[in-house]
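# Close look at the chain arrangement
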Amino acid sequence: MKKITEIENMDWEALEKAAESGPAKVPEGLEAGIKAAILASETLKPKATPRRLPAAAFYGFAFAAAITALVVVGVNRINSPRDTFDDPYLAYAEVQKTFRQISDKMNPGLELASEAREAAEKPAEILKKINK
């Protein structure tokens, strides 16, 4: 094996002959040393620090959130429910009317549900008679 100074002093023709003469002998443990060096360099790499938003962006987001909150509060005040009846008897009559409408709509549904219950109970009764 030649020393580094001898290789540095060789001309191009001599270097080509040395390269063509055959594969060079690889020192034992070279592969393990390279793997260890790569692992060490990966281990010692500085970890990336999380990027922080600049202060201007933070204040911009805070300002936008404050404006949004003000708009929501303003819209809620405009659309807030108001008392529409001055006379409590009229209000009570309106509540009764609403409950009556709800009852009228629910009665057909309750009738259908009772019919469905009766239809579902018939097979259960047949199965009870068979099992006795």
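The structure displayed is predicted, hence computed values, not measured ones.

Turning our eyes to something else, we now look at the overall build of the protein. A tally of regular secondary structure across the protein gives five helices and zero strands. Beginning at the N terminus, the succession of helices and strands in the protein can be written as α-α-α-α-α. The globule rule puts the C-alpha radius of gyration for 132 residues at 14 Å, and the 45 Å found for the protein is more than 25% above it. C-alpha atoms of the protein, sized along the principal axes, occupy 115 × 70 × 25 Å. Across the 132 residues of the protein, 1% fall into the buried class. When the accessible surface of the protein is split by element, carbon and sulfur atoms take 63% of a total near 13,300 Å². Of the side chains in the protein, 19 bear a positive and 19 a negative charge, and the two mean positions are spaced by 6 Å.

The final tally for this structure, using the stated rule, is one salt bridge. Lys-35 serves as the salt-bridge partner of Glu-31, at 3.4 Å between the closest nitrogen and oxygen. A residue pair is termed a helical-turn pair when its members lie 3 or 4 positions apart in one helix, as Glu-31 and Lys-35 do in helix α3 (residues 30-44) at four residues. Taken as a pair, Glu-31 and Lys-35 share a single burial class, namely exposed.

To continue, consider a negative patch on the surface. Together, Glu-111, Glu-115, Glu-118, Glu-121 and Glu-125 give the surface a local cluster of negative charge. For Glu-115, a relative accessible area of 47% puts it in the partly exposed group.

A separate point is the confidence of the model for the protein. Across the protein, the average pLDDT comes to 80, with 90% of residues at 70 or higher. The least confident element of the protein is helix α1 (residues 4-9), whose mean pLDDT is 79; the most confident is helix α5 (residues 88-131), at 86.

Procedures and definitions
Residues numbered from 1 in each chain as written. Predicted model: local features only at pLDDT ≥ 70, side-chain atom pairs only at ≥ 80, totals over all residues. Heavy atoms only, no water. Helix = DSSP H or I, 4+ residues; strand = E, 2+ residues; numbered from the N terminus. Rg over C-alpha atoms; globule rule 2.2 N^0.38 Å. Buried < 20%, exposed > 50% of the residue type's maximum accessible area, 1.4 Å probe, protein only. Areas by Shrake-Rupley, 256 points an atom, 1.4 Å probe, with all protein chains shown as cover. Lys, Arg positive; Asp, Glu negative; His and termini not counted. Charge placed at Lys NZ, Arg CZ, Asp CG, Glu CD. Salt bridge = Lys/Arg side-chain N within 4 Å of Asp/Glu carboxyl O. Patch = residues over 30% accessible without salt bridge, like charges linked within 9 Å, V, L, I, M, F, W, Y side chains within 5 Å. pLDDT = per-residue confidence, 0-100.

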